[in-house]
Every structure is written in C-alpha cells, then in structure tokens.
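# Tertiary structure, described
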Amino acid sequence: MSILAKIAEIENEMNRTQKNKATAHHLGLLKARLAKLRRELITPKGGSGGGTGEGFDVAKTGDARVGFVGFPSVGKSTLLSNLAGVYSEVAAYEFTTLTTVPGVIRYKGAKIQLLDLPGIIEGAKDGKGRGRQVIAVARTCNLILIVLDVLKPLVHKKLIEHELEGFGIRLNKQPPNIGFKKKDKGGINFTATCAQSELDAETVKTILAEYKIHNADITLRSDATADDLIDVVEGNRVYIPCIYVLNKIDQISIEELDIIYKVPHCVPISAHHRWNFDDLLEKMWDYLRLVRIYTKPKGQLPDYTSPVVLPDGRTAVEDFCLKIHKNLIKEFKYALVWGSSVKHNPQKVGKDHILEDEDVIQLVKK
C-alpha cells in the first residue's frame, strides 16, 4: 500500500470520527500517524532521493529572502518583474515559470531577495507537480507572500495554506509553548500549568508512543492541541510570517476593495498597473522586522547610505561584529552607541548590548 493511499485512509477515518472527549484519544493517535507519513513523503527513506531538479536551490543573497507562492497565472512573475525589474517570463497561459527566478530590491537600505516560485497545484505536498521542491525553497524564506487572484474565491487561500501546513510551514503563528525533553528512563512525566481542553496524560502518552518515545518530560504552558504537541515532537516545523497579496484589483469595484482591505495580513495590489506597491513594500518591511545599524568611523559623520542589516532576534553588538567579520569580535574592546537602545548619547556598551533599529555604532578595538 503506497504512502498516499495510507494518508487518504487515515484522513477518511478522521473525517468519519466524531469529535468529542471520548474520541480525542483516538484522533490524537491518527494525527500522529498522519504527521509521520507526511514526513516520509517529504524526505523519502533511503538513498539520496531524486535530485532537487534544475534551478531550484538558489543561493541566498541580501539581508532577507521573500518567496512568492501561489497558483499558476495569478501574476507572480508580473509582480516580480515590476518590483525588481527582473525579467521573469510572463505569458497568458498557466505554468510559464518552471524554475525559481531570483530578483533583488533595495528598500530602506536593506537588500531583499525576491523569489518567484513556480505555481503550486493542489496536492503539492503529496509530491504532485514541482510542489515538493517549490515548498522546500519556501521553507528557507524569511517571509512568504501568497499571491492570490481577487476574482478567484478564497478557496485558493485555503488550499495553499493547507499545502504549506502539510510541509511543516506554519504561517503567522508562534511556536507552541510546550516543553519537551527526552530522557533515558522514568516514563512519561506530564505536567500542565493551565487547564487543557484537548490533551490529557493518556492522549499525550498515545501520541508519544506512536513516535516510540516512552521516556520524556512534557510541560504544557498553554492550552495546546494534539497538532501543537505533534509539531513539537517532530521538531522540523518552521514559523514564517506571511502576507496575502490580492492581485488584479483593477478588475473589481471600489466597494469590493473596501471589504478586502478589512481582511487581516492582506494587501490588495495590481501587479500590471503597479498600484499600491508602496503599501506592499511597507508591509513587507514590517513583517520582516529587520534592524538597520549605521556605522560611524572615529571623527567622521555616520554613514547613513549603507546600513548593516540584522535579523530580528539577533541584534546584539556581538552579532553586528560577526556580520562584518568574524575576527572583529576578538579585537573588540567596547562600542559607543547613539540611538533608542541607550539612555545616554553616546553610551559605552559591551558585546551583549541589544541594538535597535537605526542605531549608530562606533567600535573601539583593543
């Protein structure tokens, strides 16, 4: 029996099962099995698995990477060529783009790499079309833009989300607050710091038994679902912010546009007429949460033209030094910082000081 057949069988059984307290245990088991089978699909057992195919692995350049995901013919290539001035082949038939087309834009001093990925079709997570490679590239992005056609209903949005979820990409979510630690002996130690609506000690044990884990510490610090627990046990999930880009707004009325504006994480644009690009870029910048640091040589004015751009969460002075050169940290004595992260301007700081956007820094070596 093929993996796909097994997956279909489990999905059918899940659809047939009523959801209540008595069946939560059984559903948790099925979900765990499903997650295991999905993982086998993405990374086939044994061997190197067929090559990645032509032109999929693109070298990472710039400070951040943004991937365009969507069905064929929603205007991803038009959007890329109008934003970045890169020519990605555009035509009026489906599946024009067959490999990843990279482009780079400069925005607020940061270099952002844009990737036009080939169209995803339904069933990509089951290995149909070029889906597997497309989504593998999408996993490496800092931000995903899901490009949708305004005229086609929101079914498309659900389908793409479903495909990405199947690959362990979680959109606009935070990692679940669950402590999970394997040990050698002592059985399953289960503690919940707040009331749980779905998981209990039995269900947790069943899910872990499916992964052949019989000794572990599990701490639930929030009201978690079976899916959250499976995400933590699998450990290969990536949490990526996502913006829904609704393209082709030149074909709808103003009233419809007003409704679209109320949808969260959404930006309506027209790639062909270049409408509302500034709004899109601004939102991309907000979601990427990059931090720009300006350098100041001793006795000179700060260089505001080319900032050093750091990703959110790695903005200590040490990270700044490593970004420039790895030997810099060995000679580091202290730094002078001007900006919002310090109380006095300038302030003398060590390598653990956390920098904020648009700070000015001057390094002093030993």
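Residues numbered from 1 in each chain as written. Predicted model: local features only at pLDDT ≥ 70, side-chain atom pairs only at ≥ 80, totals over all residues. Heavy atoms only, no water.

Across its full length, the protein holds 10 helices and 16 strands. Out of the 366 residues belonging to the protein, those deemed buried represent 45%. Across the protein, every contact between residues at least 6 apart in sequence was considered, and the portion connecting residues at least 24 apart equals 65%. Of the accessible surface of the protein, which amounts to about 19,200 Å², a share of 52% is contributed by carbon and sulfur atoms. (Helix = DSSP H or I, 4+ residues; strand = E, 2+ residues; numbered from the N terminus. Buried < 20%, exposed > 50% of the residue type's maximum accessible area, 1.4 Å probe, protein only. Contact = heavy atoms within 4.5 Å. Areas by Shrake-Rupley, 256 points an atom, 1.4 Å probe, with all protein chains shown as cover.)

What follows concerns the nonpolar core. Within the largest apolar cluster, 57 residues are counted, with the highest numbers of intra-cluster contacts made by Val66, Phe68, Leu79, Leu114, Ile144, Ile146 and Met284. For this core, the element with the highest residue contribution is helix α9 (residues 277–288), accounting for seven residues. Apart from residues no more than four positions distant in its own chain, Ile144 is found in contact with Gly67, Val69, Ala138, Ile169, Leu171, Ile240, Pro241, Cys242 and Ile243. Grouped together as the second largest cluster of nonpolar side chains are 19 residues, Ala35, Leu220, Leu229 and Ile230 included. (Core = buried A, V, L, I, M, F, W, Y, C linked by side-chain atoms within 4.5 Å.)

Next up on the list: the pairing of strand β14 (residues 332–338). With six bridges joining them, β14 and strand β16 (residues 359–365) adopt antiparallel strand pairing. If you follow Val337 over to β16, its bridge partner there is Ile361. Summarising the sheet, β14 and strand β15 (residues 347–349) pair through three bridges and their orientation is antiparallel. Bridge assignment links Ala335 to a residue of β15, and that residue is Val349. (Pairing = 2+ DSSP bridges.)

Another point: the packing of helix α3 (residues 76–84) against α9. For the pair α3 and α9, interaxial distance at closest approach is 12 Å and the crossing angle is 90°. Taken together, the axis directions place α3 and α9 in an arrangement best described as roughly perpendicular. Between α3 and α9, the contacting residues are Leu79, Asn82 and Leu83 on the first element and Phe277, Leu280 and Leu281 on the second. Considered class by class, the residues forming the contact of α3 with α9 number five nonpolar, one polar and no charged. (Axes fitted to C-alpha atoms, helices over the stretch in contact; angles between N-to-C directions. Parallel < 35°, antiparallel > 145°, perpendicular 65-115°, else oblique. Nonpolar A, V, L, I, M, F, W, Y, C, P; charged D, E, K, R; others polar.)

What follows is about the sheet that holds β16. Reading across the sheet, the five strands line up as β13-β12-β16-β14-β15 and stay open at both edges, with mixed pairing between neighbours. On the outer flanks of this sheet lie β13 (303–310) and β15, each paired with one strand and no other. This sheet shows a mean twist of 40° between the axes of neighbouring strands, independent of strand direction. For strand β12 (residues 291–295) and β13, the ladder comprises four bridges, and the chain directions are antiparallel. By the bridge assignment, Val291 is partnered in β13 with Leu310.

With that settled, consider the packing of helix α6 (residues 201–210) against helix α7 (residues 226–234). Interhelical geometry of α6 versus α7 gives an angle of 40° and a closest axis separation of 11 Å. Both α6 and α7 take part in a crossing whose hand is right-handed. Two secondary-structure elements touch here, α6 through Val204, Ile207 and Leu208 and α7 through Ala226, Leu229, Ile230 and Val233. Grouping the amino acids of the contact of α6 with α7 by side-chain chemistry returns seven nonpolar, no polar and no charged. (Left-handed = near helix turned anticlockwise from the far one by under 90°.)

Turning next to the sheet that holds strand β8 (residues 216–220). Pairing between the strands of a sheet is mediated by backbone hydrogen bonds and can be parallel or antiparallel. Reading across the sheet, the three strands line up as β6-β8-β7 and stay open at both edges, with mixed pairing between neighbours. Whereas interior strands pair on both sides, the edge strands pair on one side only; in this sheet they are β6 (178–182) and β7 (188–192). Strand-to-strand twist of the sheet, defined as the mean angle between neighbouring strand axes without regard to direction, takes the value 5°. In terms of strand pairing, β7 meets β8 through five bridges, oriented parallel. Residue pairing across strands places Phe190 opposite Ile218, the latter belonging to β8. Of the strands in this sheet, β6 and β8 touch α7, which is tilted by about 40° from β6.

This brings us to the confidence of the model for the protein. Reading predicted coordinates in detail is not appropriate for stretches of low pLDDT. Summary statistics for the protein give a mean pLDDT of 78 and a share of 86% for residues scoring 70 or more. The spread of mean pLDDT over the elements of the protein runs between helix α4 (residues 131–139), the lowest at 71, and β12, the highest at 87. pLDDT under 50 marks residues 47–55. Its contacts with residues more than four places away, or in other chains, come to eight contacts. (pLDDT = per-residue confidence, 0-100.)

Take the side chain of Ser341 next. Looking at the element boundaries, Ser341 is found in the loop between β14 and β15. At 2.6 Å, the side chain of Ser341 forms a polar contact with the side chain of Asp359. Beyond its immediate chain neighbours, meaning those up to four positions away, Ser341 contacts His353, Ile354, Leu355, Glu356 and Asp359. (Polar contact = N/O pair within 3.5 Å; in protein donor to acceptor, adjacent residues only side chain to side chain.)

Residue Pro346 is reached from Asn345 by a cis peptide bond, and omega for that bond is -10°. Relative to the assigned elements, Pro346 resides in the loop between β14 and β15. With a phi close to 65°, Asn276 is a non-glycine residue in the positive phi region. By the element assignment, Asn276 lies in the loop between β11 (266–268) and α9.

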